[in-house]
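If you want the building blocks of each chain, they are given just below.
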Amino acid sequence: MALNLDAIGKKIGPLTKDYTWKDVILYALGVGAGFDELEYCYEHQLKVIPSFAIASVFEFLAEAGLSSNVDLSGVLHGEQDIIFHNPIPTEGSLTTEGAITAMYDKGKDKGALIVAEAETIHSNGRKLFTNIFTIFGRKDGGFGGDPGPSEKVEFPDRAPDFEEKATPSPNQPLLYRLSGDVFQLHVDPEFAKASGFEMPIMHGLCTHGYACRAVIKHLFPGEPERMKRFRVRFSRTLYPGDPIVTKIWKTAEGSALFQTVNEKTGDVVIDGGIVEWLSAEEYQRRLEMGGIRFEDRVAIVTGAGAGLGKVYALELARRGAKVVVNDLGGARDGTGSGTAAADKVVEEIKALGGEAVANYDSVATPEGGRAIVDTAIKAFGHVDIVINNAGILRDKSLVKMDPENWKAVMDVHLKGAYNVTRPAFIKMRENRYGRIIFTTSAAGLYGNFGQTNYSAAKTALIGFMNTVKLEGEKYNIKANTIAPVAATRLTEDVMPPDLFEKLKPEFVAPLVLYLCSDQCPVSGRIYNAGMGYFNRAAILTGPGTVVGDGTEVPTPEDVASKMKQIMSMEGAQEFANATEAFGPMLEAFSPKKQAEAAQAEAGLTVKEVFDGMVDAFQADQAAGVDVVFQYEISGDQGGTWNVVVKDGTCEVNEGAHENPTTTIKMSDADFLALMRGELNAMAAYTGGKLKIEGDLMKSQLIEKLFKVS
Ligand code: NAI
């Protein structure tokens, strides 16, 4: 059966694998770690041997082999290259996705090479590593394809700088196979014999783990997180129990070559080994940066020539991102243009040792938005982060807000975000990763005199984010919104000078960077940030109430009588999407809910009536009223309360007043019925259910002064 050349470029995955610290330790034991490398074997302060990266995505290798149609009776694992982007956490879930990238023909008698590449993302959102697998199909050569590149690693002509000896246990494959590769060749003596071997052989990837431990031990001991690259060629089989030695030649600061040799036979079992690692300073720098890093991430920051955008761009670049510094370079009202603003920020980033390119397009047009995203793709190949930050102001009170000023602000803030986000989202979706920031404003969230255009645009962005959040969810694209307060060109004439000094844009950037990072756990949220003070703003919905029975349309008066419950925000909640938000409305008329509502109403206690009395007080009806009502309620819920109304205020106290104007005596049940409107006050009085002592006339004020709904 011939190789399936159509498999080239076809997506494999996503394949997901959950793992815990026990898998990490099982792998470490499988590749020979023990008491002298306890950091790999003990859950306290556990570290992951980087070569776990391939053991943990073994399924991908199997899938690539199957989809290539390689003749399984001649298949061998040829080479393995792993590029590390972030340290591997000790537990979580790994999602791996990739494709076969090439098939090379080494000749009829020599075989074929199938190359596949896969990226693995951790459940914390971080890209951990890229695996490049080369599968050797001994029986698949001669299909007339390209022979591919031939890379030969030349070892220095001198003794190795380091040697690490080990003797894998004769039972080693039995332990290693528990990490995923359960192929019979490594466990079944009969199968091994039938395949031409004396006994089950070591897994090549097990020896690979031994080599990985060896290079770490000699080159960056105790710090496996420093590994940047680990590449090997599997050249010979090895029997378990045979002693091995890994020979290491340091070739430069941060790189070395190695091979692993069977000491018994002299066979090189792992050849062409390349290891690269981070310098101690760089590693330290990354540790100090608290782990939020942007290596391999490409960020677009719009309006990054000044103010907040400039700080975001610099901080992202400082932490390793490649940045597109977009800025139109115009005036505060959006007129004019120029290249200097963006160029200067790019220069600053480069001076720091970072990577950046300038873009001068306006976000206000779809062509501009596309060109900004194209700049990222051309310069860096992809786009992971978009910070929609560009902004202008055209403040005028509503009466003077002509259509031109309305439109100019909408074009930059609202359409600008759409123009850039849409083409970027398409690219992010392809890569199944994205972080998008929208910039709103307190003016939009809460209103600001003279900024109808700006407030409208800024709040519209929240609506935009709410749906981007939903559409991006399954692609690991997260969208959040920031409402900054910072001293910039936009705010220089609206803030008092002493406050202006304290409002450095640098104080806003940390939250924005966090929201742009792999670690960002949230999507669809709004945050205020300024001066080092951060809080979250949200759209909350109150519990509401039913007016009527859902069949008869209620009257405005019915609604008015329930305004207290309609307006109540007690127990308010956030909804994840519109459908969820309709839930309470649809449920409200279910028999269960109606029964609950009736019970809640019926369940009102005498004490609750008095607790709510101050809220029910109608201050506008109390001018000139000076009165003390005393309630003496009998029954289980009974007690004495006095209500003092004076100077337009109301005070409710438990207990008797020394000088009440009017005393009302009722049973608890009658009192509650009266409050629910089921008992008429006059009927209660004439029927003897309600007794009044003291100033009878003043009792008539009660209905006017308190509206209990
Ligand atoms: P800024 O004026 O210092 O920076 C805005 C940048 O956007 C400028 O460099 C400008 O040239 C650029 N720009 C304007 N129109 C553009 C366009 N069409 N295409 C590309 N670039 C364009 O202002 P600041 O304060 O840094 O504002 C950044 C964002 O933060 C804006 O969206 C603003 O509305 C928002 N914001 C700022 C607040 C603050 O206190 N500074 C308060 C609330 C929101």
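Residues numbered from 1 in each chain as written. Predicted model: local features only at pLDDT ≥ 70, side-chain atom pairs only at ≥ 80, totals over all residues. Heavy atoms only, no water.

Undergrad: How should the overall build of the chain be read in this particular structure?
TA: Of regular secondary structure, the chain possesses 25 helices and 23 strands. A compact globule built from 709 residues should have a C-alpha radius of gyration of about 27 Å, whereas the chain, at 36 Å, is more than 25% larger. Classification of the 709 residues of the chain by burial places 45% in the buried group. Within the chain, contacts between residues separated by at least 24 positions form 70% of all contacts whose residues are at least 6 apart in sequence. Total accessible area on the chain is roughly 34500 Å²; 53% of this is exposed by carbon and sulfur atoms. Of the side chains in the chain, 73 bear a positive and 94 a negative charge, and the two mean positions are spaced by 4 Å. (Helix = DSSP H or I, 4+ residues; strand = E, 2+ residues; numbered from the N terminus. Rg over C-alpha atoms; globule rule 2.2 N^0.38 Å. Buried < 20%, exposed > 50% of the residue type's maximum accessible area, 1.4 Å probe, protein only. Contact = heavy atoms within 4.5 Å. Areas by Shrake-Rupley, 256 points an atom, 1.4 Å probe, with all protein chains shown as cover. Lys, Arg positive; Asp, Glu negative; His and termini not counted. Charge placed at Lys NZ, Arg CZ, Asp CG, Glu CD.)

Undergrad: For this particular structure, what's the right way to read the packing of helix H10 (residues 366–380) against helix H11 (residues 403–431)?
TA: Relative orientation and spacing of two packed helices are given, respectively, by the angle between their axes and the distance between those axes. Two elements in contact, H10 and H11, have axes whose closest approach is 7 Å; the angle formed by their N-to-C orientations is 40°. Judged by the inter-axis angle, H10 sits oblique to H11. Like other packed secondary-structure pairs, H10 and H11 cross with a definite hand, here right-handed. Across the interface between the two elements, Pro-366, Gly-369, Arg-370, Ile-372, Val-373 and Ile-377 from H10 touch Asn-419, Val-420, Pro-423, Ala-424 and Lys-427 from H11. In terms of residue class, the contact of H10 with H11 is made up of 7 nonpolar, 2 polar and 2 charged. (Axes fitted to C-alpha atoms, helices over the stretch in contact; angles between N-to-C directions. Parallel < 35°, antiparallel > 145°, perpendicular 65-115°, else oblique. Left-handed = near helix turned anticlockwise from the far one by under 90°. Nonpolar A, V, L, I, M, F, W, Y, C, P; charged D, E, K, R; others polar.)

Undergrad: Whenever I open this one, the domain arrangement of the chain confuses me. Can you help?
TA: The accessible area lost on association of the parts is a frequent measure of interface size. Partitioning the chain into domains gives domain 1 (8–140 + 153–284), domain 2 (292–537), domain 3 (556–601) and domain 4 (606–705). Each of domain 3 and domain 4 has a C-alpha centre, and these two points are 29 Å apart. (Domains from an automatic or database assignment.)

Undergrad: Quick question: what am I supposed to make of the pattern of salt bridges here?
TA: Between side chains of opposite charge, pairing is possible as soon as their charged atoms come close. This structure, assessed with the given rule, holds 30 salt bridges. Ionic pairing is found between Lys-217 and Glu-164, a salt bridge with its closest N-O pair at 3.0 Å. Separated by 53 residues along the polypeptide, Lys-217 in helix H6 (residues 204–219) and Glu-164 in strand E6 (residues 162–166) bring together distant segments of the chain. Between Asp-695 and Lys-698 there is a salt bridge, with its nearest N and O atoms 3.7 Å apart. Under the relative-accessibility criterion, Asp-695 is labelled partly exposed at 27%. By relative accessible area, Lys-698 is classed as partly exposed at 27%. Here the residues in one salt-bridge network are Lys-11, Glu-97 and Arg-432, joined through shared partners. (Salt bridge = Lys/Arg side-chain N within 4 Å of Asp/Glu carboxyl O.)

Undergrad: Mind showing me how you'd approach the pairing of strand E4 (residues 112–122) here?
TA: Consecutive side chains along a regular strand alternate between the two faces of the sheet. Most of E4 is tucked away, with 9 of its 11 residues classed as buried. As paired strands, strand E3 (residues 92–105) and E4 are joined by 11 bridges and run antiparallel to one another. By the bridge assignment, Thr-96 is partnered in E4 with Thr-120. Counted along the chain from E3 to the antiparallel partner E4, the turn is 6 residues long, and its residue Gly-107 has a positive phi close to 120°. (Pairing = 2+ DSSP bridges.)

Undergrad: Help me understand the nonpolar core, please; the structure alone is not making it clear to me.
TA: Soluble globular proteins tend to bury their nonpolar side chains together. Membership of the largest hydrophobic core comes to 63 residues, with the highest contact counts inside it found for Ile-88, Val-215, Met-227, Phe-230, Phe-258 and Val-275. Looking at this core, the element that brings in the most residues is H6, giving 8 residues. Sequence-distant contacts of Phe-230, that is, excluding residues within four places in its chain, are made with Gln-80, Asp-81, Ile-82, Phe-84, His-208, Ala-211, Cys-212, Val-215, Phe-258, Ile-274 and Val-275. Judged by nonpolar contacts, the second largest core, of 37 residues, contains Ala-364, Ile-372, Ile-392 and Val-412. (Core = buried A, V, L, I, M, F, W, Y, C linked by side-chain atoms within 4.5 Å.)

Undergrad: Teacher, can you tell me more about the site of the ligand here?
TA: With respect to spatial proximity, 30 residues lie near the ligand, and among them Asp-327, Asn-389, Tyr-454, Ala-486 and Thr-488 are the closest. Between the ligand and Asn-389 there is a distance of 2.8 Å, counted from an oxygen atom to a backbone nitrogen or oxygen. Within the side chain of Arg-489, an N or O atom sits 3.4 Å from an oxygen atom of the ligand. Of all the secondary-structure elements, those providing two or more residues to the shell around the ligand are helix H8 (307–318), H11 and helix H13 (452–472). In the shell around the ligand, the residues fall into 12 nonpolar, 14 polar and 4 charged. (Near = heavy atom within 4 Å. Polar contact = N/O pair within 3.5 Å; in protein donor to acceptor, adjacent residues only side chain to side chain.)

Undergrad: Explain helix H3 (residues 58–68) to me, please; I cannot follow it from the model alone.
TA: Residues separated by three or four positions in an α-helix point in the same direction, a consequence of the helix having 3.6 residues per turn. Within the span of H3, buried status applies to Phe-60, Leu-61, Ala-64, Gly-65 and Ser-68. Buried residues of H3, viewed axially, fall in a sector of 140°; they line one side. Of the surrounding elements, those touching the buried residues of H3 are strand E1 (11–19), strand E2 (75–84), E3, E4 and strand E5 (127–137). (Arc of directions from axis to C-beta.)

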